[in-house]
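A structural walkthrough
Read off the chains here:
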Amino acid sequence: MENKNRAQFSSKFAVVAAAVGSAVGLGNIWRFPYELGSNGGFAFLLIYLLCVFLLGMPVMLSELVIGRRSQANASGAFRVLKPNTHWSLVGLLGVVTAFVILSFYFVVAGWSLEYVFQALANCFEGKTPSDLSQAFTDFSTDVVRPLFWTVVFVVLTAVVILAGVQNGIEKMSKILMPLLFLIIIVLCVRSVTL
């Protein structure tokens, strides 16, 4: 059952960085502070952490165990573990779910690239909150700009994936996850000083 030609991560840190990168996502950074503030603050945080540990951790661990035992992708893992049963549909559902989630993130990540571009071009200088709100409305209702940035992000993602596990996903996770952690620390320090 062992496949020696299968690409693997070179270190445990790389596995953790890739897993955290897929689990944290933009939603936890982009939407979580708003939800926390709107829904009870610390009480919301406690319930959120409880759900992460009671629901998220067992699901993540079961995915790791299934993947390690089957040495197959999400779709093929259940065919390996339970051949000739309907469990293979669960693997297919995992692939479809990931695709639906990814389609949402492609759009939001495209927006993020637009904002990075705008920040580097210093386009936010001297703008009021209503100016920024109108700029987002103009951007999100435009036909070309959101599509352009979404395509740019899709191409960047494809380049990383085509580079393979170690030279693509692992390398980017080792760079981007510590950078994300650093950005979060800077934002936390900055928010305390406001």
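How each quantity is defined
Residues numbered from 1 in each chain as written. Predicted model: local features only at pLDDT ≥ 70, side-chain atom pairs only at ≥ 80, totals over all residues. Heavy atoms only, no water. Helix = DSSP H or I, 4+ residues; strand = E, 2+ residues; numbered from the N terminus. Buried < 20%, exposed > 50% of the residue type's maximum accessible area, 1.4 Å probe, protein only. Contact = heavy atoms within 4.5 Å. Areas by Shrake-Rupley, 256 points an atom, 1.4 Å probe, with all protein chains shown as cover. Lys, Arg positive; Asp, Glu negative; His and termini not counted. Charge placed at Lys NZ, Arg CZ, Asp CG, Glu CD. pLDDT = per-residue confidence, 0-100. Salt bridge = Lys/Arg side-chain N within 4 Å of Asp/Glu carboxyl O.

This next bit is on the overall build of the protein chain. Helix and strand counts for the protein chain come out as eight helices and zero strands. Starting at the N terminus and ending at the C terminus, the protein chain contains elements arranged as α-α-α-α-α-α-α-α. In terms of principal-axis extent, the alpha carbons of the protein chain reach across some 60 × 40 × 30 Å. By residue count, 14% of the 194 residues in the protein chain fall in the buried class. Once local pairs closer than 6 in sequence are excluded, the contacts in the protein chain between residues at least 24 apart make up 61%. Total accessible area computed for the protein chain in this model is approximately 14300 Å², and 72% of it derives from carbon and sulfur atoms. Where the 13 positive side-chain charges of the protein chain centre and where its 9 negative ones centre are 17 Å apart.

Here the focus is the confidence of the model for the protein chain. Detailed reading of the predicted model is not advised wherever pLDDT is low. For the protein chain, mean pLDDT is 86; residues scoring 70 or higher make up 96% of the total. Of all secondary-structure elements in the protein chain, the lowest mean pLDDT belongs to helix α1 (residues 12-30), at 76, while helix α7 (residues 145-162) reaches the highest, 95.

Time to look at the pattern of salt bridges. Under the counting rule described, the total for this entry stands at two salt bridges. A salt bridge links R145 to E114; the shortest N-O distance between them is 2.7 Å. Of this pair, R145 sits in helix α7 while E114 sits in helix α5 (residues 88-120); the two residues are 31 residues apart in sequence, bridging distant segments of the chain. A salt bridge links K174 to E170; the shortest N-O distance between them is 3.1 Å. A residue pair is termed a helical-turn pair when its members lie 3 or 4 positions apart in one helix, as K174 and E170 do in helix α8 (residues 165-193) at four residues. The class for K174 is partly exposed, based on a relative accessible area of 35%. With a relative accessible area of 3%, E170 lands in the buried category.

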